[in-house]
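# Survey of secondary and tertiary structure
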Amino acid sequence: MTDFIQTNPARTLDNAAQDHYVAAEKPFSTVVRKGQTVRIEDSYGQQAIDTLFYNAADYSERYSSQDTVREQNAAYVSTGTKVMSNEGRVMLAVTADSCGRHDTSAGACSCESNTVRFGHGTKYLHACRDNFVAEVARYGMSKRDIAPNINFFMNVPISPNGGITIVDGVSAAGDYVELKAEMDVLMVISNCPQINNPCNGFDPTPIRVLVWDGEV
């Protein structure tokens, strides 16, 4: 079991530099400056939060799941994880985690994958890839700029033969993960709309995102 680090008690809602409510199934983005700490909160529990990171000064540098896994020699993201870029640089570091299970292997749902996994009747259901495409377009990017992502709070056991399965999440209402930015980053979230597998408990719910300045 992961040893969790308690969040800084000096951080309160009153001194947060940013406080965002993200509705169920919706995209969201914000810039987190170097030295700031961002908290991603699973407000109601069992909600997968698909997340991408980009260097805010150069979007060609972005989150790399491969480099992150290799740097940690671990398949999951949790306290102490260095979130790595495709340039081999640390983008953020996970400083606190009340859940302990965050996937970076299963990727984001899409209309195409929904069709393959769950049948043609799901083809037109909303998906994380749609959210990502819509949100990165605000910054002049396209679907070509969407890399493999982190799935905060998504429970994806990996079997000894390398197989992966998306199962019921273990996060409870109010669980959170906190990351300290090591460079200015653009964070892009898809509050996952998936209803065909148990990653969201078959009931997508709202989340909260808070950012504190470095001195807090």
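Whatever comes next refers back to the structure up there.
The paragraphs below set out a description of the structure included in this document.

The rules we used
- Residues numbered from 1 in each chain as written.
- Predicted model: local features only at pLDDT ≥ 70, side-chain atom pairs only at ≥ 80, totals over all residues.
- Heavy atoms only, no water.
- Helix = DSSP H or I, 4+ residues; strand = E, 2+ residues; numbered from the N terminus.
- Buried < 20%, exposed > 50% of the residue type's maximum accessible area, 1.4 Å probe, protein only.
- Contact = heavy atoms within 4.5 Å.
- Salt bridge = Lys/Arg side-chain N within 4 Å of Asp/Glu carboxyl O.
- Pairing = 2+ DSSP bridges.
- Axes fitted to C-alpha atoms, helices over the stretch in contact; angles between N-to-C directions.
- Phe/Tyr/Trp six-rings, centres within 6.5 Å; stacked < 30°, edge-to-face > 60°.
- Lys NZ or Arg CZ within 6 Å of the ring centre and 35° of its normal.

## A look at the overall build of the protein
- Each helix and strand counted, the protein has three helices and 11 strands in total.
- Listed N to C, the secondary structure of the protein is β-β-β-β-β-α-β-β-α-α-β-β-β-β in terms of helices and strands.
- Taken across its 216 residues, the protein has 50% of its residues classed as buried.
- A fraction of 76% describes how many contacts in the protein between residues 6 or more apart in sequence connect residues 24 or more apart.

## Comments concerning the environment of Ile49
- Take Ile49: it is sitting in strand E4 (residues 49–55).
- Once residues within four sequence positions are removed from consideration, Ile49 is found in contact with Ile40, Glu41, Asp42, Ile150, Asn151, Phe152, Phe153, Ile189, Ser190, Asn191 and Ile207.

## Here we look at the pattern of salt bridges
- On inspection of all chains with the given rule, the structure shows eight salt bridges.
- The salt bridge involving Arg33 is made with Asp184; its shortest N-O contact spans 3.1 Å. Of this pair, Arg33 sits in the loop between strand E2 (27–32) and strand E3 (37–42) while Asp184 sits in the loop between strand E9 (175–181) and strand E10 (185–191), and the two are 151 residues apart along the sequence.
- With a shortest N-O distance of 2.3 Å, Arg70 and Asp67 are connected by a salt bridge. Separated by three residues within a single helix, Arg70 and Asp67 lie in helix H1 (residues 65–72), roughly one turn from each other.
- On the basis of relative accessibility, which here comes to 17%, the residue Asp67 falls in the buried class.

## A few points about the sheet that holds strand E7 (residues 90–97)
- If you trace the six strands from one edge of the open sheet to the other, you get E1-E11-E3-E9-E7-E6, paired in antiparallel fashion. Whereas interior strands pair on both sides, the edge strands pair on one side only; in this sheet they are strand E1 (18–22) and strand E6 (82–84). Within this sheet the neighbouring strands show an average axis-to-axis angle of 20°, counted without direction.

## Concerning unusual backbone geometry
- One non-glycine residue with positive phi stands out, namely Glu25, at about 75°.
- Non-glycine residue Gln46 carries a positive phi angle of around 55°.
- Locating Gln46 in the fold gives a position in the loop between E3 and E4.
- Residue Gln46 is classed as partly exposed on the basis of its relative accessible area of 29%.

## With respect to the packing of aromatic side chains
- Counted under the stated rule, the structure contains two aromatic pairs.
- Seen in terms of ring centroids, Tyr54 and Tyr59 are 6.4 Å apart; in terms of plane orientation they differ by 75°. Their pairing is edge-to-face.
- Judged by relative accessible area, Tyr54 falls into the buried class, the value being 0%.
- Classification of Tyr59 as partly exposed rests on a relative accessible area of 25%.
- Between Tyr59 and Tyr139, the aromatic rings sit 6.2 Å apart at their centres with planes inclined by 80°, giving edge-to-face as the arrangement. Of this pair, Tyr59 sits in strand E5 (residues 58–62) while Tyr139 sits in the loop between helix H3 (128–136) and strand E8 (150–152), and the two are 80 residues apart along the sequence.
- A relative accessible area of 24% places Tyr139 in the partly exposed class.
- Three or more aromatic residues link up through ring pairs in this structure, and these residues are Tyr54, Tyr59 and Tyr139.
- Directly above the aromatic system of Tyr176 lies the positively charged group of Arg39, at a separation of 4.5 Å from the ring centroid.
- Sitting over the ring of Tyr76, Arg101 keeps its end group 4.1 Å from the ring centre.

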